[in-house]
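For reference, the chains in residue letters:
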Amino acid sequence: QVQLVESGGALVQPGGSLTLSCVASGFIFSKYHMYWYRQAPGKERELVAGVHDIGAPINYVRSVNGRFTISRDNAKNTVYLQMTSLKPEDTAVYYCNTVIGLADYWGQGTQVTVSS
C-alpha cells in the first residue's frame, strides 16, 4: 500500500533552517509528482511546493519563494523541502502528498514551529 512518512520537523528560531524529508513506498515513486502542503492552526491546508516526476520544482506559495526549495531523489524514493530564513508564520504541520489516479495520499505530517 502507498505510504508517505515525513520527518525533520522541529522547533527552530526565526531565521533558522530545516530540511524536511518524505520517504515514499508502495508505488513507483519516479512516475509521480510530489507535493508539500502545510496547515497552520486555525487555517486551511495550503499547497507549498511541488516537484514533477522528472524533478522540475515548482513553488506555489509566494511567501516561500527564495526561501524554500523542493527536490527529490528518485533512487531513495524521497522528496525534500529545504527551508531557510524561517519565519513565525511558517509554523505549521507539513504534509507530503501525491495523487495516483483519483486517489490522494497523505503522510502523517511533521510539526514545524518557528519561535524564539
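For the structure, see preceding data.
Note that the structure is predicted; figures quoted are calculated from it, not measured.

> Honestly, the pattern of salt bridges in this entry has me stumped. Any pointers?
Pairing between side chains of opposite charge can happen when their charged atoms approach one another. Applying the stated rule across the entire model yields 3 salt bridges. Notably, a salt bridge pairs Glu-46 with Arg-38, separated by 2.6 Å at the nearest N-O pair. Under the relative-accessibility criterion, Glu-46 is labelled partly exposed at 31%. Judged by its relative accessible area of 6%, Arg-38 falls in the buried class. Each member of the salt-bridge network shares a partner with another, and the members are Arg-38, Glu-46, Arg-67 and Asp-90.

> Would you take a moment to explain the sheet that holds strand S7 (residues 68–73) for this structure?
Here 4 strands make up an open sheet; going across it, the order is S1-S3-S8-S7 and the pairing antiparallel. Strands at the two margins of the open sheet, each flanked by one partner only, are strand S1 (3–7) and S7. Along the sheet, successive strands turn relative to each other by an average axial angle of 15 degrees, direction set aside. In the sheet, S7 pairs with strand S8 (residues 78–83) via 6 bridges, with the strands oriented antiparallel. Of the residues in S8, the one forming a bridge with Phe-68 is Met-83.

> What is the right way to look at the packing of aromatic side chains in this model?
Each aromatic ring pair is described using two quantities: the centre-to-centre distance and the angle formed by the ring planes. This model, assessed by the stated rule, comprises 4 aromatic pairs. Aromatic pair Phe-27 and Phe-29: ring centres 6.3 Å apart, planes at 50 degrees, arrangement tilted. One exposure class covers both Phe-27 and Phe-29, and it is buried. On the basis of an interplanar angle of 90 degrees and a centroid distance of 6.3 Å, the ring pair of Tyr-95 and Trp-106 is categorised as edge-to-face. Taken together, the residues span a long stretch of sequence, with Tyr-95 in strand S9 (residues 92–100) and Trp-106 in strand S10 (residues 103–106) at a distance of 11 residues. For Tyr-95, a relative accessible area of 13% translates into the label buried. Since its relative accessible area comes to 33%, Trp-106 is described here as partly exposed. Over the aromatic face of Trp-106 sits the side chain of Arg-45, whose NZ or CZ is 4.5 Å from the ring centroid.

> Can you walk me through the environment of Leu-4 in this structure?
You can see Leu-4 is positioned in strand S1. As a C-alpha pair, Leu-4 and Gln-108 span 104 residues in sequence and 7.7 Å in three-dimensional space. In contact with Leu-4, other than residues within four places in its own chain, are Cys-22, Val-23, Ala-24, Phe-27, Met-34, Cys-96, Asn-97, Thr-98, Tyr-105, Trp-106, Gly-107 and Gln-108.

> Quick question: what am I supposed to make of the state of the cysteines here?
One way to say it: the disulfide is the covalent bond shared by the sulfur atoms of two cysteines. On inspection of all chains with the given rule, the structure shows 1 disulfide. The disulfide that involves Cys-22 links it to Cys-96, with 2.1 Å between the sulfurs. The sign of the S-S torsion, about -80 degrees, decides the handedness of the disulfide formed by Cys-22 and Cys-96: left-handed. Here Cys-22 is found in strand S3 (residues 18–25), whereas its partner Cys-96 is found in strand S9, with 74 residues between them in sequence. Accessibility expressed as a relative area gives 0% for Cys-96, which makes it buried.

Calculation notes
Residues numbered from 1 in each chain as written. Predicted model: local features only at pLDDT ≥ 70, side-chain atom pairs only at ≥ 80, totals over all residues. Heavy atoms only, no water. Salt bridge = Lys/Arg side-chain N within 4 Å of Asp/Glu carboxyl O. Buried < 20%, exposed > 50% of the residue type's maximum accessible area, 1.4 Å probe, protein only. Pairing = 2+ DSSP bridges. Helix = DSSP H or I, 4+ residues; strand = E, 2+ residues; numbered from the N terminus. Axes fitted to C-alpha atoms, helices over the stretch in contact; angles between N-to-C directions. Phe/Tyr/Trp six-rings, centres within 6.5 Å; stacked < 30°, edge-to-face > 60°. Lys NZ or Arg CZ within 6 Å of the ring centre and 35° of its normal. Contact = heavy atoms within 4.5 Å. Disulfide = S-S within 2.5 Å.

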